[in-house]
Amino acid sequence: MKKLVALAAIIFTLHSCNSGDRGELVGTQGKKWHPEKPFGMTLVPGGSYIMGKSDDDFVAVNDAPTKTVTVRSFYMDETEITNAEYRQFVNWVRDSTVRLKLAIIADEFGLTSEDEGTGAYAFVDQEDEEMTPYEQYEYDNYFGMGEDFYEGRKINNRIELIWDTANYPDEYYTEVMDSMYIRPEEAYNGQRTIKTEKLIFQYTWMDIQAAARDVSKRRKEFIIKEEVPIYPDTTVWIKDYNYSYNEPMHNDYFWHQAYGDYPVVGVNWKQAKAFTAWRTLYKNSYQKSRRRQHVNSFRLPSEAEWEYAARGGLESASYPWGGPYTKNDRGCFRANFKPLRGDYAADQALYTVEAKSYEPNDYNLYNMAGNVAEWVDASYDPSSYDFSSNMNPNVNDPENYRKVVRGGSWKDIAYFLQVSSRDYEYRDSARSYIGFRTVQDYMGTDVILNEKFGDAR
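As the structure is a prediction and not an experimental result, all values here were calculated from the model. (Residues numbered from 1 in each chain as written. Predicted model: local features only at pLDDT ≥ 70, side-chain atom pairs only at ≥ 80, totals over all residues. Heavy atoms only, no water.)

Visitor: Sorry if this is basic, but what is going on with the environment of threonine 42 here?
Guide: Along the chain, threonine 42 falls in strand β1 (residues 41-44). Taking the relative accessible area as the measure of exposure, threonine 42 reaches 11% and is therefore buried. A C-alpha to C-alpha distance of 9.8 Å links threonine 42 and threonine 79, two positions 37 residues apart in sequence. Setting aside chain neighbours within four positions, we find threonine 42 in contact with Phe74, Tyr75, Met76, Glu78, Tyr363, Asn364 and Leu365. Separated by 3.2 Å, the side chain of threonine 42 and the backbone oxygen of tyrosine 363 make a polar contact. (Helix = DSSP H or I, 4+ residues; strand = E, 2+ residues; numbered from the N terminus. Buried < 20%, exposed > 50% of the residue type's maximum accessible area, 1.4 Å probe, protein only. Contact = heavy atoms within 4.5 Å. Polar contact = N/O pair within 3.5 Å; in protein donor to acceptor, adjacent residues only side chain to side chain.)

Here it is as structure tokens:
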């Protein structure tokens, strides 16, 4: 015991002599934090507003009574997530799936990075010298202990994948690539495409709400593992409209570059959530490679955040531009919707339009009304405004599969374009008129006092 006390005293003395704080309470020191505006996002300064219907509820839904609420500051995508942006997600999952398959087959046949062909794609930890001491410790103590034997293994992202069949390096590589494509007898017009059911994104998240209310359980019991097929349902263009010719949209809308800047559709609520998890992972992988601090998670907006952002700072307005009219002073429609019975093209657009179309609101957010309706991170309950909090209100019941969509779409009438109108769809449903955009919590000094941080606005 005396030895331990003496050792503690020595450590204390050494630390006190070398800390440089002169014995004062200066706090732990870290890198200075400067808010960084995420690419393609705009800062929505926090504040209070009157949430709910600002005029008569003439359809008598009675699900949006007015109440004053306060939301914190956050960043929001200026536009809906586009086809090109979502394709980046799809391609990342596709490439990661191929690399994992190649690494597994290399492991099964004892191939290493020293071997040519498929061996080049072996797990990075295949050779001890490739690992740091910490990675070696993890490999020895944790790999192979989970449900998936290969969980936690590091795939090789340094070697380019080969997509040209004429250049496949060996039979192992050919076998893996062949498993990713539909069978030749299922192809037509000379196009053999990827099996979309192979594109599954796995991620974990922690149910903090449940954990905070039940401290008797272990932490791991609140960690949820999700496996989400992430390819958009392109058949929505057919299924949503009976006796209608929409095959060109089914065939081309998601993958053709002509529609790259148009909002992605055919994505259900769970797929939208998976995208936000991937975007966080993708950004923080870059941050880690540059030895920078991690950023806050990207996520879907709460219902209160979405309405606050859609109003653009205007109090008691019917639409993002004010209201109560859907035309400007030149007689032009302000959004993409169905203004007349059966006349979808009266606003100069038959289906969707590019995500950065029409005038943005005062927060520089485009198409907060019309174009595509947007998933938010909330469950639909007609009476949720009555029991939700006044501070950052959010009602998201895991047992309620009805998820809120906001903003109206290219096929909706003007009522659904109003910033206070609520609608819902089931979380596993995909539609040709529903997309989404993401938000990220703002960290740092009060936004009002933040003028000195030019990059935060």
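Back to the write-up after that little detour.
Visitor: Just checking my understanding: could you explain helix α8 (residues 269-289) for this structure?
Guide: Between the first and last C-alpha of α8 there are 31 Å, a value that for 21 residues agrees with the 30 Å anticipated at 1.5 Å per step. Buried residues of α8: Trp269, Gln271, Ala272, Ala274, Phe275, Thr276, Ala277, Trp278, Arg279, Thr280, Asn284 and Gln287, and no others. At the N-terminal boundary of α8, the capping side chain belongs to asparagine 268, with an oxygen 3.1 Å from the backbone nitrogen of lysine 270. Positioned one or two residues after α8, arginine 291 has a phi angle of 55 degrees, which is positive. (Expected span 1.5 Å × (residues − 1).)

Visitor: Sorry, what's going on with the packing of aromatic side chains here?
Guide: The geometry of an aromatic ring pair comes down to the distance between the two centres and the angle between the two planes. For the structure on display, the rule yields 34 aromatic pairs. Both rings, one in tyrosine 415 and one in phenylalanine 416, keep their centres 5.2 Å apart while their planes meet at 80 degrees; by these two values the pair is edge-to-face. In this structure tyrosine 415 comes out as buried when scored by relative accessible area, which is 8%. On the basis of relative accessibility, which here comes to 26%, the residue phenylalanine 416 falls in the partly exposed class. The structure contains a cluster of three or more aromatic residues connected by ring pairs, namely Tyr86, Phe89, Trp92, Phe201, Tyr203, Tyr231, Phe254, Phe275, Trp278, Tyr282 and Phe436. Positioned above the aromatic ring of tryptophan 269 is the side chain of lysine 403, whose terminal nitrogen or guanidinium carbon lies 4.5 Å from the ring centre. (Phe/Tyr/Trp six-rings, centres within 6.5 Å; stacked < 30°, edge-to-face > 60°. Lys NZ or Arg CZ within 6 Å of the ring centre and 35° of its normal.)

The values reported here are purely geometric and, on their own, carry no functional implication.
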